[in-house]
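Here is how the chains run, residue by residue.
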Amino acid sequence: HVQLVESGGGAVEAGGSLRLSCAAPEGIYRRTFMGWFRQRPGKEREAVAITGTNGGATYTSDSVKGRFTISLDNAKNTVYLEMNSLKPEDTAMYSCAAKCAMVSGRPTGACTYWGQGTQVTVS
């Protein structure tokens, strides 16, 4: 059955903003590292922003730092990705993931749970 539910993708103009949402069952959401990966055309999947749902450390990739912000709503078991100053190179399939392994503050790319992905297209 579906465990992570993503929403908020779409098409926007360069310089615009978009917010992605990922809702998780409480048993998955609590006390874990979760967040967002993306796969751009012709490139391998990369971590975008990962955070601890219990208030732990946050990882943000250099390519989006200062433009994207990950946040949590614990009452809704939901993680968000606020994307500002969007660029065409941000065009990608964005996937929510949970129970992600972290080594030295960086995600390894190994996560137990994945959403189906939501497309973001910037023109």
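Higher on the page you've got the structure.
Below, the structure is looked at part by part. Keep in mind that this is a model prediction, so the values were computed, not measured.

Once that is clear, we can look at the environment of Leu4. Within the secondary structure layout, Leu4 lies in the segment before β1 (5-7). Setting aside anything within four residues of it in sequence, one finds Leu4 in contact with Cys22, Ala23, Ala24, Ile28, Cys96, Ala97, Ala98, Tyr113, Trp114 and Gly115.

Note that Ser21 resides in strand β3 (residues 18-23). Accessibility expressed as a relative area gives 17% for Ser21, which makes it buried. If near-sequence neighbours (up to four positions away) are discounted, Ser21 is found in contact with Val5, Glu6, Ser7, Trp36, Thr78, Val79 and Tyr80.

Here the focus is the pattern of salt bridges. Scanning the entire structure with this criterion turns up seven salt bridges. In this structure, Arg40 engages Glu46 in a salt bridge whose closest nitrogen and oxygen atoms are separated by 2.9 Å. For Arg40, a relative accessible area of 16% puts it in the buried group. The closest approach of N and O atoms between Lys65 and Asp62, which form a salt bridge, is 3.6 Å. Given the relative accessible area of 64%, Asp62 is considered exposed. What emerges from the salt-bridge pattern is a single network uniting Arg38, Arg40, Glu46, Arg67 and Asp90.

Turning our eyes to something else, we now look at the sheet that holds strand β7 (residues 68-73). The strands that make up a sheet are held in pairs by hydrogen bonds between backbone atoms, and each pair lies either parallel or antiparallel. Pairing within the open sheet is antiparallel, and its four strands lie in the order β1-β3-β8-β7. Each having just a single partner strand, β1 and β7 make up the two edges of the open sheet. Within the sheet, the average angular offset between the axes of one strand and its neighbour, ignoring direction, is 15 degrees.

With respect to the element layout, Arg40 can be found in the loop between β4 (33-39) and β5 (46-52). Dropping the residues within four chain positions of it, Arg40 is found in contact with Glu46, Glu89, Thr91 and Ala92.

Let us look at unusual backbone geometry. The backbone of Asn77 sits at a positive phi, close to 50 degrees, despite the residue not being glycine. Topologically, Asn77 is positioned in the loop between β7 and β8 (78-83). On the basis of relative accessible area, Asn77 is assigned to the buried category, the value being 16%. Although it is not a glycine, Ser104 adopts a positive phi angle of roughly 55 degrees. Its location among the elements puts Ser104 in the loop between β9 (92-103) and β10 (106-114). Since its relative accessible area comes to 78%, Ser104 is described here as exposed.

So, on to the state of the cysteines. Applying the stated criterion across every chain yields a total of two disulfides. Put simply, Cys22 and Cys96 are joined by a disulfide, and their sulfur atoms are 2.0 Å apart. Its S-S torsion of approximately -80 degrees makes the covalent link between Cys22 and Cys96 left-handed. Separated by 74 residues along the polypeptide, Cys22 in strand β3 and Cys96 in strand β9 bring together distant segments of the chain. Across the pair, exposure class does not vary: Cys22 and Cys96 are buried alike. With its sulfur 2.1 Å from that of its partner, Cys100 forms a disulfide with Cys111. Taking the sign of the S-S torsion, about 105 degrees here, the bridge from Cys100 to Cys111 comes out right-handed. Taken together, the positions of Cys100 in strand β9 and Cys111 in strand β10 put the pair 11 residues apart, joining distant regions of the chain. The exposure class of Cys100 is buried, given its relative accessible area of 7%. Residue Cys111 is classed as buried on the basis of its relative accessible area, which comes to 13%.

What counts as what
- Residues numbered from 1 in each chain as written.
- Predicted model: local features only at pLDDT ≥ 70, side-chain atom pairs only at ≥ 80, totals over all residues.
- Heavy atoms only, no water.
- Helix = DSSP H or I, 4+ residues; strand = E, 2+ residues; numbered from the N terminus.
- Contact = heavy atoms within 4.5 Å.
- Buried < 20%, exposed > 50% of the residue type's maximum accessible area, 1.4 Å probe, protein only.
- Salt bridge = Lys/Arg side-chain N within 4 Å of Asp/Glu carboxyl O.
- Pairing = 2+ DSSP bridges.
- Axes fitted to C-alpha atoms, helices over the stretch in contact; angles between N-to-C directions.
- Disulfide = S-S within 2.5 Å.

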